[in-house]
Amino acid sequence: MSKPAIIISLILLIGLHSCGQGTNAKKESMNQGIKEKYLNSYKLVKKYDYNPRFILDFNSYNCTYEILVNDMPAYSDFGGGNQGGAVWPISPNILKSGKQTITIRVFPKVDDDDKMEPFLLAKNCGLEVKVLYGDEEKEKPKEYKQLFYYKMPEIKLDNVPYLEFKGTFEASTPYQLKGWSQSQDLRKEDKTQLTKEVLAFYNQYRKLMADGNMNAVAELIYNRELETEQAYFQNKPADAAETWNRFDQIKAYHLEMLPLEHYELRFFGDGRVVGLIRTDDELRGESALAGITDNKYKIYNLLLHKPAGSDQLQVIR
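Predicted, not measured: the structure shown is a model, and the values here were computed from it.

A. Region of interest: the pairing of strand β12 (residues 273-278). Of all six residues in β12, six are buried; the element is thus mostly enclosed. Neither face of β12 is left uncovered, since the one carrying V273, G275 and I277 and the one carrying V274, L276 and R278 both have all their residues buried. In the sheet, strand β11 (residues 263-268) pairs with β12 via six bridges, with the strands oriented antiparallel. Within β12, the residue paired with R266 across the bridge is G275. Between β11 and β12, which pair antiparallel one after the other, the connecting turn spans four residues, and G269 there sits at a positive phi close to 55°.

Shown next as structure tokens:
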């Protein structure tokens, strides 16, 4: 079989306990209830006079990289190709107006077998990153305003394995999301025990996906989905329907879930968020939750937190 292509799922699915054995009537009622809840979620999304969306705009050659906004994953590319004029949305990373942080990590390029070179190519690699914003209903993409710009310095030596840049930019948005702002600092917990809890959570999720129990998934990620809809100002019935339809699409994939392997525990959100991230060559930097269908990888990003006053992990992004 040829190497599967990688597709990143835009819906972030939570791992959870299954709902137990109820009657068919009760299950049908629950399923109908969560569907109605999703289809009406657009009514809870506020719109304003100006509704900015925030995006990354980047160009790269002969390097790989990851970008974090507010210490949360925004975009990464550990593939073998170059990027030119690519864009990626990051609004859910921006919880409120004010100072935002950005971290850019640049690594050597990889070969056709996904093996990373030991060093960045002197005088022959580069990365540019912009943060732009604009109201897509009022402005064309070329009219978006720039909040941040980074151009990596020229590599002049043959022995540079890695570059990291940390910076800030100011952003203004009419909404305010709770996100992980009040979550507990998980770095203070015993890492061995925390790893066991995270792995158990991921395994629950993996089984849920393998069983195709998407209605239970939808029930427990509703609040996260609602926060994401607010970040994108999705206040139309068609927006809510599109979110709900993704669950049916995922169920129709007939996924073969991959085992949880080749991962490390990583902290994000200044220690308030945690996830299992792949470390192997083929899926480097991706979520440890993945499946295969039609010779394509399906990657499901899953980041967890513990809200203030709770000892239970919950999905946050």
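B. Up close: the sheet that holds strand β7 (residues 126-134). Pairing within the open sheet is antiparallel, and its four strands lie in the order β5-β2-β7-β8. In this open sheet, the two edge strands, each paired with only one partner strand, are β5 (83-89) and β8 (145-151). Recorded for the sheet is a direction-independent mean angle of 15° between the axes of neighbouring strands. Across six bridges, the pairing between β7 and β8 is antiparallel. Residue pairing across strands places E128 opposite K151, the latter belonging to β8.

C. Fine view of the side chain of Q230. Take Q230: it is sitting in helix α4 (residues 222-231). Of note is the side chain of Q230, whose polar atom sits 2.9 Å from the backbone nitrogen of K46.

D. Just the sheet that holds strand β4 (residues 72-77), in detail. With antiparallel pairing, the four strands of this open sheet are ordered in space as β4-β3-β6-β9. The sheet terminates laterally at β4 and β9 (163-171), the two strands that pair on one side only. Direction aside, neighbouring strands of the sheet carry axes that sit 20° apart on average. In this structure, strand β3 (residues 63-69) lies alongside strand β6 (residues 98-108), joined through seven bridges in antiparallel fashion. Looking at the pairing, C63 lines up with P108 of β6.

E. Representation of unusual backbone geometry in the model. The backbone of D71 sits at a positive phi, close to 60°, despite the residue not being glycine. On the secondary structure map, D71 appears in the loop between β3 and β4. Located in the positive-phi region is K123, a residue other than glycine, with phi close to 60°. When you line up the elements, K123 lands in the loop between β6 and β7.

What counts and how
Residues numbered from 1 in each chain as written. Predicted model: local features only at pLDDT ≥ 70, side-chain atom pairs only at ≥ 80, totals over all residues. Heavy atoms only, no water. Buried < 20%, exposed > 50% of the residue type's maximum accessible area, 1.4 Å probe, protein only. Helix = DSSP H or I, 4+ residues; strand = E, 2+ residues; numbered from the N terminus. Pairing = 2+ DSSP bridges. Axes fitted to C-alpha atoms, helices over the stretch in contact; angles between N-to-C directions. Polar contact = N/O pair within 3.5 Å; in protein donor to acceptor, adjacent residues only side chain to side chain.

Geometric descriptors of this kind do not, in isolation, establish any biological role.
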